[in-house]
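# Architecture at a glance
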Amino acid sequence: MSADLEVVGLHPTPEQYRYVFGGGAEPLVRVQPGTVVELTTEDCFGGRVRTAEDLPSRVCDLAHLNPVTGPVHVEGAEPGDTLAVHVIDIAPARDWAVSTTFPHFGALTATHETAMLHDPLEEVVWVYEVDRERGTCLFRPRRGGPEVELPLDPMHGTLGVAPAAGQAFMSITPAAHGGNMDTPELRAGTTVYLGVNVPGAQLSLGDGHCRQGEGEVCGTAVEAAMRTVVVVDLVKGGAPAWPRLESDEFLMSTGSVRPLEDAYRVSQRDLVGWTAELAGWDLLDAYQLVSQAGLAPVANVVDTNYTMVAKLAKRYLPGAAAFDGVHARLRETGAAYLAQR
């Protein structure tokens, strides 16, 4: 590894996993901006669901679902700053992953907030065979029919910082601090921008998915423990009101609220404002462009808040550099790390 590339490992023991963002949790590690962090995360069930017979309601402590790794304290981060987290690599840590239907959870069943007279969906577990060399995960129907081989598209459902005003959010909740946004866009090669609310930002992440469809409609993805590498950096000032993402091709804004149409509005409003700022356009001119060229993938419609993503291809904003071009710089850091690993 290059002598000027600082690399830190973070591999929590089971008792070190957290289940909230905020709440004054002591950081597990302190790093300088520009540090590469190699870390491990457990799946949303804490590794307890391993076979088709391991129903989550029986083997899991429902008060301790969705563990996250962290917090990571980033030195120099102050409220109002922007934390940039670039995902260098995400890889499944095991050769299996799981998904479930869960009573009273998911988009197509009764929940505690959507009351119905019909019985809840049956609790069923699917175990996926993960082939890391071939880059696939195998869907096996529980009740007959053809198996389907799906390509791996590893991502993290949960990534965020401590929220503002001393609040504490359960790790399953997405909001302005990030959290359980469950967007497939949060894959390797993506940079996430988060507004800093407390000294050190207090970054945590978890909820690895081998892949996930948009919306996470049944309530779970192909849930997996992960080995992940990120590089963190700091942009002084400029904190976005909502988490933003940048890939080589797209700028993306998120919104995490209920109802779903308001999550859509939040993400679109943020993208319109961001576009106007980067291009030097009037707000209504940016509104017009986003209306004609924007995309709107659904992230989740199952969590305590729903999440929408608004996307605009960067080719429509030639020469514009978001957050002082930090994505390109961190991309170079990531490439240097991978070349020397």
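Here, the structure is the one placed above.
Now for a quick tour of the structure. (Residues numbered from 1 in each chain as written. Predicted model: local features only at pLDDT ≥ 70, side-chain atom pairs only at ≥ 80, totals over all residues. Heavy atoms only, no water.)

Here we take up the pattern of salt bridges. Pairs can form between side chains of opposite charge whenever their charged atoms are close. In this structure the tally under the stated criterion is 17 salt bridges. Salt-bridge contacts for E42 lead to R94; the nearest nitrogen and oxygen are separated by 2.7 Å. Of this pair, E42 sits in the loop between β4 (36–41) and α1 (56–59) while R94 sits in the loop between β6 (82–92) and β7 (96–101); the two residues are 52 residues apart in sequence, bridging distant segments of the chain. Comparing E42 with R94 shows no difference in burial state: the two are buried. Salt bridges linked by common partners bring D153, E185, R187 and K311 together as one network. (Salt bridge = Lys/Arg side-chain N within 4 Å of Asp/Glu carboxyl O. Helix = DSSP H or I, 4+ residues; strand = E, 2+ residues; numbered from the N terminus. Buried < 20%, exposed > 50% of the residue type's maximum accessible area, 1.4 Å probe, protein only.)

Two elements in contact, helix α2 (residues 260–279) and helix α3 (residues 283–293), have axes separated by 8 Å at closest approach and are oriented at 120°. In this view, α2 runs oblique relative to α3, as classed from their interaxial angle. Seen along the crossing, α2 lies across α3 with a hand that is right-handed. Residue-level contacts link Q268, R269, L271, V272, G273, T275 and A276 of α2 to L283, A286, Y287, L289 and V290 of α3. Taken together, the residues of the contact of α2 with α3 break down into eight nonpolar, three polar and one charged. (Axes fitted to C-alpha atoms, helices over the stretch in contact; angles between N-to-C directions. Parallel < 35°, antiparallel > 145°, perpendicular 65-115°, else oblique. Left-handed = near helix turned anticlockwise from the far one by under 90°. Contact = heavy atoms within 4.5 Å. Nonpolar A, V, L, I, M, F, W, Y, C, P; charged D, E, K, R; others polar.)

Here we take up the pairing of strand β5 (residues 68–74). Across the seven residues of β5, seven count as buried, placing the element largely inside the fold. Pairing of strand β3 (residues 29–31) with β5 involves three bridges; the strand directions are parallel. Its bridge partner lying in β5, V29 is registered against V72. Alignment of β5 against strand β15 (residues 203–209), held across three bridges, turns out to be antiparallel. Residue V72 lies in a different strand from β15, and its bridge partner there is L203. (Pairing = 2+ DSSP bridges.)

On to the packing of aromatic side chains. Two measures describe an aromatic ring pair: the distance that separates the ring centres and the angle between the ring planes. Per the counting criterion, the structure on display carries three aromatic pairs. Centroid distance W274 to F323: 6.0 Å. Interplanar angle 55°. Geometry classified as tilted. Residue W274 is located in helix α2, and its partner F323 is located in the loop between β20 (306–313) and α4 (326–340); the two are separated by 49 residues in the primary sequence. We classify F323 as buried; its relative accessible area is 12%. One aromatic cluster is present, built from ring pairs that chain together Y193, W274 and F323. (Phe/Tyr/Trp six-rings, centres within 6.5 Å; stacked < 30°, edge-to-face > 60°.)

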